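# Descriptive structure summary
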Amino acid sequence: MTVSFSKNIKLTLAFTAALAGTLAMTTAAHARDQIQIVGSSTVFPFSTAVAETFGQNTKFKTPVVESTGSGGGMKLFCEGVGEATPDITNSSRRIKESEFRRCVEKGVTPVEVKIGFDGIVLGSAKGGITLALTQEQIFRALAKQIPVDGKLVANPNKMWSDVDASLPNVKIEVLGPPPTSGTRDAFVELAMESGALKFEMLAALRKEDKKAFKKVAHAVREDGAYVEAGENDNLIVQKLEANKNAVGIFGFSFLDQNSEKLTAATVEGNEPEFEKIAAGEYPISRSLFFYLKKEHVGVIPGIEEFIAEFTNEDTWGEEGYLADKGLIPLPEEDRETIAGDAKSLKPLAM
Amino acid sequence: MTDIAPENMGDGTTVTRLRHHSPERRARTAKRFAAERRFKYLGLSAVLLAAAFLVLLLWTVVGNALPAFTAHYVKVPLDLTTEKLTKENAADFNYRKIVRAGFGGLFPDVKKRREKRSLNKLVSSGAAIAARWEVSDNLDWVGTKAEVLLPLSDTADLYFKDLLGDLSRPESERTISDKEIAWLKELDEQGRIERTWNTIFFSNGASRESEMAGIWGAVVGSFLTLIVTLALSFPVGVAGAIYLEEFAPKNRLTDLIEVNINNLAAVPSIVFGLLGLGIFINGVDFGWFTLGGGSPRSAALTGGMVLALMTLPTMIIASRAAIKSVPPSIREAALGVGASKIQTVFHHVLPLAMPGVLTGSIIGMARALGETAPLLMIGMVAFIVDIPGSLSDPATVLPVQIYMWADFPEIGFQQKTAAATLILLGFLVLMNGLAVVLRSKFERRW
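Residues numbered from 1 in each chain as written. Chains lettered and ligands numbered in written order. Predicted model: local features only at pLDDT ≥ 70, side-chain atom pairs only at ≥ 80, totals over all residues. Heavy atoms only, no water.

## Describing the sheet that holds strand β5 (residues 193-197) of chain B
Residue and element names in this part refer to chain B. Overall, antiparallel pairing links the three strands, which are arranged β4-β3-β5 in an open sheet. The open sheet terminates on both sides in strands that have one partner only, identified here as β4 (145-151) and β5. The sheet shows a mean angle of 40 degrees between the axes of neighbouring strands, direction not considered. Where strand β3 (residues 70-79) and β5 come together, five bridges link them in antiparallel fashion. Looking across to β5, one finds that Thr70 is bridged to Trp197. Across the sheet, helix α2 (residues 96-104) touches β3 and β4, and the angle it forms with β3 is around 95 degrees. Contacting β3 and β4, helix α4 (residues 127-137) runs over the sheet at an angle of about 130 degrees to β4. (Pairing = 2+ DSSP bridges. Helix = DSSP H or I, 4+ residues; strand = E, 2+ residues; numbered from the N terminus. Axes fitted to C-alpha atoms, helices over the stretch in contact; angles between N-to-C directions. Contact = heavy atoms within 4.5 Å.)

Written as structure tokens, this is what we have:
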């Protein structure tokens, strides 16, 4: 037995060595023929849907889509030009000036394509707590410090009824995304900041010292009333079902997909509905983008065709399949201009 | 068992003799026995608690997963007589219109645009692709009218599986409308609905439509990745272990290496991902030359290399332990009859250590199979539809697929998540089972 076993070992070793050798060889130059997309986790569900359809309907390979977050995607995207860098990055906010400068320094010419809107909702389980909120009340309920009698004090509100008498006498429990999330960025910017501006004291502070104002307006309370629930929105939905008094913060597409389980708070009297977000009436909504690398067009096959698929009416139009996934389409005129700009690869100027 | 009373010694003194069965002694013994029993039950309850959690986990996973293994299909008459469709282009043809017309033809009364739209949503948006597969498998259908089984949409499928919750709720609180239910019932009455084994789930790659999403892409990706991991870490690990155990001089340097290997085995796996990103993909720029770099992002090759780095310490430690357990008398006997050092190692020590080495390797591979964190850094946590055909193709692995499905909002993905978990658990049990079999079959006790 020993003899045959030792033969086997030699064979195994030779085999694995040969395998390792072939591995090393396949690493050598292999031109990329597949689009690489990185970026926002909010845009991810839409981007993947387009990528899949694109792969099915064209002769090109299906693009690879990674969910790295808007900031992470931008970092990879602006790394430079060449096969090793992604061709497209998704973003749930506009590119920052610092990011744009970094891109230009590295020789990258980004082309901006705005794809639609996303609403951020404060949802709760059906049959649970229902809220009608104003932005000021959101700030009062969730800010770390709020002004009381002209002074900033640690948020004393324990019940929703402490925030406003019209709200139910229920403990404030909010499950929301952590600071690394783009949804959180958008929420503090759109809901909390405009809520903070309703206080004269904070509005005055903003005029004097923008940074100090942002520090107050963007600080979410840390005393247990706001629970960071991680990036997984499905988990938030499950937790809301278990706790009928809790409120969760998540993207509109989750509300849309779970409409039989969830209901959402109105903000400034507007329900987070498809039409109201599209019309800009629902205040907590943001634009979604993707950026493509002009230098890669013609080098990596299929980029132009991918843009054509994305900006097709069947895709991002009012009755397109992205609307089924929860994307709120742009107004028709905007779609036409943006599709035209994207097609002509108009470079972004800032 | 009688107690002995104090004994009179006859000279006016009494002596009390301690016997085994004195009341104090018995009380103490009883106390010790009670402590032992308590400890035994404590241990037992710990085991039972762990088992209960395991059963609970398996119960929920299996319960959630079972519906995903079957799927509902609808038999649609497809008119394949159009001139544009030939046997040559059947595999590239876009069947969207044919499917729409065929399915719409089952409900000639539905004419309004809006109604048609919601009717068409009952069939999967991947139905056109499914039709392409079916027709290219049955080329003689071209030019005829054929009844083809096409997947239903996730909502319709979940309706037939009764997983849409309470349907007596008002229409606005459901994902399925009364009209859609009526259409589905009509199809069912016509005998057009069939529940079959979900072949799509086992043969397809990732998809954004839960009914078209499959595990095969991830299984192939996991396989390719593990091949690379094994091919790199097994020879290097075993060779390293042999050197350290049989050839290396005992000095400070080897001690340092040993300590470092033990430490590396405990390093969080994400660190290896960062290392992989830095060295394999980006490369370290030293100015006059670049170390590494150029590995494709998201590819099984890069993933396998990163996981090989991660498994290597475990592999070396397990192999060393196995080599160490071979008694020195075997080596001495071999050297005694004139074998060289290398002959001793390869003819005697290594074969005897092999069961242990293989067990260690399999357990290391099983750990690599379950990893996601290091792959996050090198772009393997990605939506990849095409099934990888080579090591440099973008690929994903099973645990990543589970993680991604858990994050998708569509209800249909909840069952897919559980089903994929079950498959991953199955592979892990299989690998660990193989390790157990190898050990019990080849292990030698000295």
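## Considerations on the state of the cysteines
Residue and element names in this part refer to chain A. Applying the stated criterion across every chain, the model contains one disulfide over all chains. A disulfide bridge connects Cys78 with Cys103, and the sulfur atoms are separated by 2.1 Å. The chirality of the disulfide connecting Cys78 with Cys103 is left-handed, given an S-S dihedral of about -75 degrees. One end of the pair, Cys78, is in the loop between α3 (70-77) and β3 (88-91); the other, Cys103, is in helix α4 (residues 97-105), and 25 residues separate them in sequence. Residue classification places Cys103 among the buried positions, given a relative accessible area of 0%. (Disulfide = S-S within 2.5 Å. Buried < 20%, exposed > 50% of the residue type's maximum accessible area, 1.4 Å probe, protein only.)

## As for the pattern of salt bridges
Scanning all chains against the criterion turns up 30 salt bridges over all chains. It is possible to trace a salt-bridge network through shared partners that takes in A:Glu319, A:Asp324, B:Arg117 and B:Lys121. (Salt bridge = Lys/Arg side-chain N within 4 Å of Asp/Glu carboxyl O.)

## Notes on the domain arrangement of chain A
Residue and element names in this part refer to chain A. What the domain assignment lists for chain A is domain 1 (36-117 + 287-343) and domain 2 (119-285). A separation of 29 Å is found between the C-alpha centroids of domain 1 and domain 2. Contacts between the two partners involve eleven residues from domain 1, matched on the other side by eleven residues from domain 2. In this assembly, domain 1 packs against domain 2 so that about 830 Å² is buried in total across both faces, 58% of it on carbon and sulfur atoms. On the domain 1 side of the interface with domain 2, the three residues burying the most area are Phe117, Gly326 and Ile328, jointly 47% of the side's total. Summed over the shared surface of domain 1 and domain 2, the number is zero salt bridges. Across the side of domain 1 that touches domain 2, the residue classes tally to five nonpolar, four polar and two charged. (Domains from an automatic or database assignment. Buried area = accessible area lost by both parts, 1.4 Å probe. Nonpolar A, V, L, I, M, F, W, Y, C, P; charged D, E, K, R; others polar.)

## Brief notes about the confidence of the model for chain B
A low pLDDT means the predicted coordinates there should not be read in detail. When pLDDT is averaged along chain B, the result is 88; 95% of the residues meet or exceed 70. Per the prediction output, this complex has pTM 0.80; the corresponding ipTM is 0.78. (pLDDT = per-residue confidence, 0-100.)

## Thoughts on the packing of aromatic side chains
Here a ring pair, both rings aromatic, is described through the centre-centre distance and the interplanar angle of the planes. According to the stated counting rule, one finds 21 aromatic pairs over all chains in the structure shown. Connected via pairs of aromatic rings, a cluster forms that spans A:Phe44, B:Phe69, B:Trp197, B:Phe201, B:Phe202, B:Phe383, B:Trp405, B:Phe408 and B:Phe413. Above the face of the B:Tyr41 ring, B:Lys40 is positioned so that its terminal group lies 5.6 Å from the ring centre. (Phe/Tyr/Trp six-rings, centres within 6.5 Å; stacked < 30°, edge-to-face > 60°. Lys NZ or Arg CZ within 6 Å of the ring centre and 35° of its normal.)

## Some thoughts on the interface of chain A and chain B
Tallying the contact residues gives 44 residues for chain A and 50 residues for chain B. Across the chain A/chain B interface, buried area totals approximately 4400 Å², and carbon plus sulfur atoms make up 56% of it. For the interface between chain A and chain B, the tally reads seven salt bridges. Run the count over chain A and chain B and you get twelve residue pairs in polar contact (both at pLDDT 80 or more). Take the side of chain A that touches chain B: its biggest share by element is 13 residues, from helix α1 (residues 2-27) of chain A. For the side of chain A that touches chain B, the residue count by class is 14 nonpolar, 18 polar and twelve charged. Bridge analysis of strand β2 (residues 64-66) of chain A against strand β8 (residues 382-383) of chain B gives two bridges, and the strand direction is antiparallel. (Polar contact = N/O pair within 3.5 Å; in protein donor to acceptor, adjacent residues only side chain to side chain.)

## Concerning the environment of A:Glu305
All names here are of chain A. Tracing the backbone shows Glu305 in helix α13 (residues 303-310). Glu305 sits in the partly exposed class, given a relative accessible area of 36%. A sequence separation of 230 residues divides Glu305 from Lys75, and the C-alpha atoms of the two residues are 25 Å apart. If near-sequence neighbours (up to four positions away) are discounted, Glu305 is found in contact with Phe54 and Phe60.

## Focus on unusual backbone geometry
Residues and elements named next belong to chain B. Its identity as a non-glycine residue notwithstanding, Asp162 has a phi of 60 degrees, on the positive side. Along the chain, Asp162 falls in the loop between α5 (154-160) and α6 (178-189). In this model, Ser298 sits at a positive phi of 65 degrees, which is unusual for a non-glycine residue. Note that Ser298 resides in the loop between β7 (290-291) and α11 (300-324). By relative accessible area, Ser298 is classed as buried at 1%.

## What about the confidence of the model for chain A?
All names here are of chain A. When pLDDT is averaged along chain A, the result is 85; 90% of the residues meet or exceed 70. Mean pLDDT across the secondary structure elements of chain A bottoms out at α1, with 54, and peaks at β3, with 94. For the stretch residues 1-5, pLDDT sits under 50, and the model shows four contacts to residues farther than four places along the chain or on other chains. Confidence drops under a pLDDT of 50 for residues 25-29, and excluding neighbours within four residues, the segment shows three contacts in the predicted structure.

## Points about α3(A)
For an α-helix, the turn length of 3.6 residues means that residues three or four places apart are oriented alike. Residues and elements named next belong to chain A. Every buried residue belonging to α3 is among Ser70, Gly73, Met74 and Phe77, and all of these are buried. Across the axial projection of α3, the buried residues extend over an arc of 100 degrees, all falling on one side. Residues of α3 that are buried sit in contact with β1 (36-39), β3, α4, β4 (110-125) and β13 (285-293). (Arc of directions from axis to C-beta.)

## Section: the pairing of strand β7 (residues 151-154) of chain A
Side-chain direction in a regular strand flips from residue to residue, so the side chains alternate between the two faces of the sheet. All names here are of chain A. Of the strand pairs in this sheet, strand β6 (residues 145-148) and β7 are connected by four bridges, and their pairing is antiparallel. Of the residues in β7, the one forming a bridge with Ile146 is Val153. Counting the residues in the hairpin turn of β6 and β7 gives two residues, including Asp149, whose phi is positive at 50 degrees.

## Looking at a positive patch on the surface
Residue and element names in this part refer to chain B. On the surface, a cluster of positive charge is contributed by Lys31, Arg37, Arg38 and Lys40. As for its placement among the helices and strands, Lys31 is situated in helix α1 (residues 23-65). Note on Lys31: relative accessible area 66%, which makes it exposed. (Patch = residues over 30% accessible without salt bridge, like charges linked within 9 Å, V, L, I, M, F, W, Y side chains within 5 Å. Areas by Shrake-Rupley, 256 points an atom, 1.4 Å probe, with all protein chains shown as cover. Lys, Arg positive; Asp, Glu negative; His and termini not counted. Charge placed at Lys NZ, Arg CZ, Asp CG, Glu CD.)

## A short note on the domain arrangement of chain B
According to the domain assignment, chain B contains domain 1 (20-65), domain 2 (70-204) and domain 3 (216-442). Placing a centre on the C-alpha atoms of domain 1 of chain B and another on those of domain 2 of chain B gives a separation of 56 Å.

## Concerning the packing of α11(B) against helix α13 (residues 341-369) of chain B
Residues and elements named next belong to chain B. Following both chains from N to C, one finds α11 and α13 inclined at 150 degrees, their axes separated by 8 Å at the closest point. Taken together, α11 and α13 sit at an angle that is classed as roughly antiparallel. Relative to α13, the crossing made by α11 is right-handed. Residues Leu307, Met310, Thr311, Thr314, Met315, Ala318, Ser319, Ala322 and Ile323 of α11 pack against Val349, Ala353, Gly356, Val357, Gly360, Ser361, Gly364, Met365, Arg367 and Ala368 of α13. Each residue belonging to the contact of α11 with α13 can be placed in one class, and the counts come to eleven nonpolar, seven polar and one charged. (Parallel < 35°, antiparallel > 145°, perpendicular 65-115°, else oblique. Left-handed = near helix turned anticlockwise from the far one by under 90°.)

## Details of α6(B)
Residues and elements named next belong to chain B. Taking 1.5 Å as the rise per residue, α6 with twelve residues should run 16 Å; its terminal C-alpha atoms sit 16 Å apart, in good agreement. Along α6, the positions that sit buried rather than exposed are Glu180, Ile181, Trp183, Leu184 and Leu187. Projected onto a plane normal to the axis of α6, the buried residues spread over an arc of 160 degrees and lie on a single side. In this structure, the buried side of α6 is in contact with β3, α2, α3 (113-120), α5 and β5. Two residues or fewer after α6 comes Gly191, characterised by a positive phi angle close to 75 degrees. (Expected span 1.5 Å × (residues − 1).)

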